[in-house]
Protein chains: 2
Amino acid sequence: MEEHNRENHILSTQAIKRMPYYLQYLKKLAGEGIEIVSAPSIAAHFNFTEIQVRKDFSAVSTTKGKPKSGFTVKELIYDMESILGYHSVNQAVLVGVGQLGRALLSYRGFENYGLKIVVAFDQDPETAGSKIAGVNVFASEKISDLCRRMNIPIGIITVPETAAQTVCDQLIAGGVKAIWNFAPVHLSVPQNILVQNENMAASLALLSKHLEEKIVSE
Amino acid sequence: MEEHNRENHILSTQAIKRMPYYLQYLKKLAGEGIEIVSAPSIAAHFNFTEIQVRKDFSAVSTTKGKPKSGFTVKELIYDMESILGYHSVNQAVLVGVGQLGRALLSYRGFENYGLKIVVAFDQDPETAGSKIAGVNVFASEKISDLCRRMNIPIGIITVPETAAQTVCDQLIAGGVKAIWNFAPVHLSVPQNILVQNENMAASLALLSKHLEEKIVSE
DNA sequence: CATTATTCGATATCATTATATCGATATGAT
DNA sequence: ATCATATCGATATAATGATATCGAATAATG
Ligand SMILES: NC(=O)c1ccc[n+]([C@@H]2O[C@H](COP(=O)([O-])OP(=O)(O)OC[C@H]3O[C@@H](n4cnc5c(N)ncnc54)[C@H](O)[C@@H]3O)[C@@H](O)[C@H]2O)c1
Ligand SMILES: NC(=O)c1ccc[n+]([C@@H]2O[C@H](COP(=O)([O-])OP(=O)(O)OC[C@H]3O[C@@H](n4cnc5c(N)ncnc54)[C@H](O)[C@@H]3O)[C@@H](O)[C@H]2O)c1
């Protein structure tokens, strides 16, 4: 017999990506004192279909919706936060304390998402040794050693694209299980390592394609 | 009869997102003096299937591959750059000159992707009036008026999530056609406006889910 | 100059994701 | 108490995206 999810539903990649949006909105509603919410009303807000909203909810929550009224906001929030790992904290290191790296280090929002950057690294001797937003910056030779000793599961890459693969290899040598990559390059990694790309060039590609179509059709 | 693409192929959303990766790699190969490349070799590098690579290439390029050898690197580069709009320049404005906004303003890479941030806005009276990385920052009351007068097609949002919808509305009032949104909220917009989200919470959700599964299965 | 190995493109199949249909159930109105 | 209506969940269908199959083309090898 097949192994199944607790709720006997599969949580698709696309659904996972939608969860933070639902969560943000549900928290806003909760802040306004709203206790019950229906799939159609959520769907209207996001411009989704109500069927999709129901499916997404049933995939992450044991909470059943009540016909004619809807779902309990608080329970949805709790279940989504659990699914997204916001109730625990994942430790991460960041490599590349430049423009973007500094912005990420200073960002307080990640703690709400269960992510804590505990150490940073940079090649530049000026930067290594400093402290940015309360986080110590070390020389990049220490990446593998420190990651392993601190048992860090996540590495964040914000170095130039030419250095990204090298840094990636160092992180993996340090036992990191997942990499969040902001450099606009493909990283080669072993099967069991996840690379989550935040490639702004890819976003821009979609944006630019859309504009082009607009212009042609107008 | 149906209207078709020049090459009689459809370019899917997913394929568009892959293009910047191909392009980066092809340029690297060109820099190494490599003139011909095969689909299987590209596929090996990206861990894609060779069928997908061929489909992607044929969707963006009129260039035919030669059996037993492959595709002409230069021609692929040229066609991809055209498709991605790198040969022209789209003007953009950025709203929210904080940690992230400053990083984006200072980033030189966007010019390679056909994007030029020409003006920025901020609510803070200290920031408005200043100049960051050569870009003038104005008070946010001027968003709509300036965008309209300069005929700006793209707005970049890097304000706190509570201000994002307001700013979005101001940009649309200014005639902007596409919005690149870094705030972790859904933005409500008219049908003809594109919102491209760069939601780091969504990325983190996938990352965290992956780690959880790793831990369970190990 | 024939043979073999490799890559190509076209078409077919499979997987994932989104949407539509429909009977069941709870709430509020008559 | 009954009826109308909004919402629910389950199952079915459609759309999009990825992979497999196969004959044709061409470069290298003997
Ligand atoms: N700044 C942005 O807004 C932005 C936007 C999109 C993408 N990116 C990407 O993010 C990355 C960083 O961009 P940035 O603007 O912050 O660049 P940056 O030059 O400001 O910072 C890069 C930092 O990495 C360090 N570094 C270089 N090689 C290293 C190595 N081998 N080990 C450790 N540290 C090393 C440098 O010393 C520097 O501090 C780039 O890949 C860029 O393409 C940045
Ligand atoms: N900093 C990061 O690394 C990071 C990472 C992920 C997401 N984000 C998101 O990006 C956005 C900006 O983050 P940040 O860290 O740069 O914040 P920040 O507070 O440093 O900057 C926000 C800026 O927006 C300005 N602002 C506020 N309301 C405005 C309005 N109505 N009109 C014009 N300007 C206004 C503020 O004056 C400030 O300069 C947030 O939504 C945040 O969630 C940031």
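For clarity, every value in this text was computed on a predicted model and none was experimentally measured.

Chemist: So what exactly am I meant to see when it comes to the interface of chain A and chain B here?
Modeler: Put simply, an interface is often sized by how much accessible area is lost when its parts join up. Contact residues are listed per partner, giving 60 residues for chain A and 60 residues for chain B. Summed over both sides, the interface of chain A with chain B buries roughly 5300 Å², with 68% coming from carbon and sulfur. When the buried surface of chain A facing chain B is broken down by residue, A:Tyr21, A:His186 and A:Leu206 rank first, second and third, together holding 12% of it. Put simply, chain A and chain B have 0 salt bridges between them. Elements with a minimum of two residues in the side of chain A that touches chain B: α1 (13-31), α2 (39-46), α5 (99-106), β8 (178-181), β9 (194-197) and α8 (200-217) of chain A. The element contributing the most residues to the side of chain A that touches chain B is α8(A), with 14 residues. Of the residues belonging to the side of chain A that touches chain B, the class tally is 33 nonpolar, 18 polar and 9 charged.

Chemist: Where do I start with the relation of the copies chain A and chain B in this structure?
Modeler: Superposition of the two copies of the chain requires a rotation about an axis together with a shift along that axis. At an RMSD of 0.1 Å, chain A and chain B line up after a rotation of 180° and a shift of 0.0 Å along the axis. Both chain copies can therefore be described as sitting about a two-fold axis. Comparing contact sets, 100% of the residues at the interface of chain A also lie at the interface in chain B, consistent with an isologous, same-surface contact.

Chemist: Just to check I follow, could you spell out the domain arrangement of chain A for this structure?
Modeler: As assigned here, chain A comprises domain 1 (6-83) and domain 2 (90-202). Each of domain 1 of chain A and domain 2 of chain A has a C-alpha centre, and these two points are 32 Å apart.

Chemist: So what exactly am I meant to see when it comes to the site of ligand 1 here?
Modeler: Looking at ligand 1, there are 23 residues lining it, with A:Gln99, A:Leu100, A:Asp122, A:Val159 and B:Tyr107 nearest. Positioned at a junction of chains, ligand 1 has nearby residues supplied by chains A and B. Measuring from an oxygen atom of ligand 1, one finds a backbone N or O atom of A:Val97 at 3.4 Å. B:Ala103 has a polar backbone atom sitting 3.1 Å from an oxygen atom of ligand 1. Protein coverage of the free-state accessible area of ligand 1, which is 820 Å², stands at 83%. Of all elements in the fold, only α5 and α7 (161-173) of chain A together with α5 (99-106) of chain B reach the threshold of two or more residues within the shell around ligand 1. Ranked by residues supplied to the shell around ligand 1, first place goes to α7(A) with 3 residues. When its residues are assigned to classes, the shell around ligand 1 shows 14 nonpolar, 6 polar and 3 charged.

Chemist: What should I look at first to understand the site of ligand 2 in this one?
Modeler: Surrounding ligand 2, one finds 24 residues, the nearest of these being A:Tyr107, B:Gln99, B:Leu100, B:Asp122 and B:Val159. Here B:Asp122 contributes a side-chain N or O atom positioned 2.6 Å from an oxygen atom of ligand 2. Within the contact set of ligand 2, an oxygen atom lies 2.7 Å away from a backbone nitrogen or oxygen of B:Val159. Its free accessible area being 820 Å², ligand 2 has 83% of it covered by the protein chains. The set of elements that each furnish at least two residues to the shell around ligand 2 consists of α5 of chain A together with α5 and α7 (161-173) of chain B. The dominant element in the shell around ligand 2, judged by the number of residues it contributes, is α7(B), at 3 residues. Across the shell around ligand 2, the residue classes tally to 15 nonpolar, 6 polar and 3 charged.

Chemist: Looking at this structure, how should I read the protein's contact with DNA strand C?
Modeler: Around DNA strand C there are 23 residues in total, and A:Arg18, A:Pro67, B:Arg54, B:Gly65 and B:Phe71 lie nearest to it. Each atom of DNA strand C within 4 Å of the protein belongs either to a base or to sugar and phosphate, the latter forming 67%. Here a phosphate oxygen of DNA strand C sits 3.4 Å away from a polar atom, N or O, in the side chain of A:Lys66. Measuring from a phosphate oxygen of DNA strand C, one finds a backbone N or O atom of B:Gly65 at 2.8 Å. In terms of residue class, the surface near DNA strand C is built from 6 nonpolar, 8 polar and 9 charged.

Chemist: Whenever I open this one, the pairing of strand β6 (residues 135-139) of chain A confuses me. Can you help?
Modeler: The side chains of a regular strand alternate, first on one face of the sheet and then on the other. Residues and elements named next belong to chain A. Sheet topology places strand β4 (residues 115-122) next to β6; 3 bridges connect them, and they run parallel. Of the residues in β6, the one forming a bridge with Asp122 is Ala139. The pairing of strand β5 (residues 131-132) with β6 spans 2 bridges and is antiparallel. Among the inter-strand pairings, Lys131 is bridged to a residue of β6, identified as Asn136.

Chemist: Even after reading the chapter, I still don't get the sheet that holds strand β3 (residues 90-95) of chain B, so can you show me in this structure?
Modeler: Within a sheet, adjacent strands bond to each other through the backbone by hydrogen bonds, running parallel or antiparallel. All names here are of chain B. The mixed open sheet is built from 7 strands, whose spatial order is β5-β6-β4-β3-β7-β8-β9. Sheet topology places β5 (131-132) and β9 (194-197) at the edges, where each strand pairs with a single neighbour. The strands touched by helix α6 (residues 143-150) are β3, β4 (115-122) and β6 (135-139); relative to β4, the strand with the most contacts, the crossing angle is about 155°.

Chemist: Would you mind showing me how to read the sheet that holds β9(A) here?
Modeler: On the basis of which strands lie adjacent, the open sheet formed by 7 strands has the order β5-β6-β4-β3-β7-β8-β9 (chain A) and mixed pairing. The open sheet is flanked by β5 and β9 of chain A, the only strands paired with a single partner.

Chemist: Honestly, the state of the cysteines in this entry has me stumped. Any pointers?
Modeler: Throughout this description, disulfide means a covalent bond between two cysteine sulfur atoms. All names here are of chain A. For the coordinates displayed, the defined rule picks out 0 disulfides over all chains. Considering cysteine sulfurs only, Cys168 is the nearest to Cys147, which forms no disulfide, with 12 Å between them. By relative accessible area, Cys147 is classed as buried at 0%. According to the relative accessible area criterion, Cys168 is buried, its value standing at 0%.

Chemist: I'm lost on the protein's contact with DNA strand D in this one. Help?
Modeler: The environment of DNA strand D is made up of 23 residues, and the closest members are A:Arg54, A:Gly65, A:Lys68, A:Phe71 and B:Arg18. Here a base oxygen of DNA strand D sits 3.3 Å away from a polar atom, N or O, in the side chain of A:Lys68. B:Arg18 is positioned with one of its side-chain polar atoms (N or O) 3.1 Å from a phosphate oxygen of DNA strand D. Counting only elements with at least two residues in the surface near DNA strand D, the list comes to α2 and α3 (50-60) of chain A together with α1 (13-31) and α3 (50-60) of chain B. When grouped by side-chain class, the residues that make up the surface near DNA strand D number 6 nonpolar, 8 polar and 9 charged.

About the criteria used
Residues numbered from 1 in each chain as written. Chains lettered and ligands numbered in written order. Predicted model: local features only at pLDDT ≥ 70, side-chain atom pairs only at ≥ 80, totals over all residues. Heavy atoms only, no water. Contact = heavy atoms within 4.5 Å. Buried area = accessible area lost by both parts, 1.4 Å probe. Salt bridge = Lys/Arg side-chain N within 4 Å of Asp/Glu carboxyl O. Helix = DSSP H or I, 4+ residues; strand = E, 2+ residues; numbered from the N terminus. Nonpolar A, V, L, I, M, F, W, Y, C, P; charged D, E, K, R; others polar. Least-squares fit on C-alpha atoms with pLDDT ≥ 70 in both. Domains from an automatic or database assignment. Near = heavy atom within 4 Å. Polar contact = N/O pair within 3.5 Å; in protein donor to acceptor, adjacent residues only side chain to side chain. Areas by Shrake-Rupley, 256 points an atom, 1.4 Å probe, with all protein chains shown as cover. Pairing = 2+ DSSP bridges. Axes fitted to C-alpha atoms, helices over the stretch in contact; angles between N-to-C directions. Disulfide = S-S within 2.5 Å. Buried < 20%, exposed > 50% of the residue type's maximum accessible area, 1.4 Å probe, protein only.

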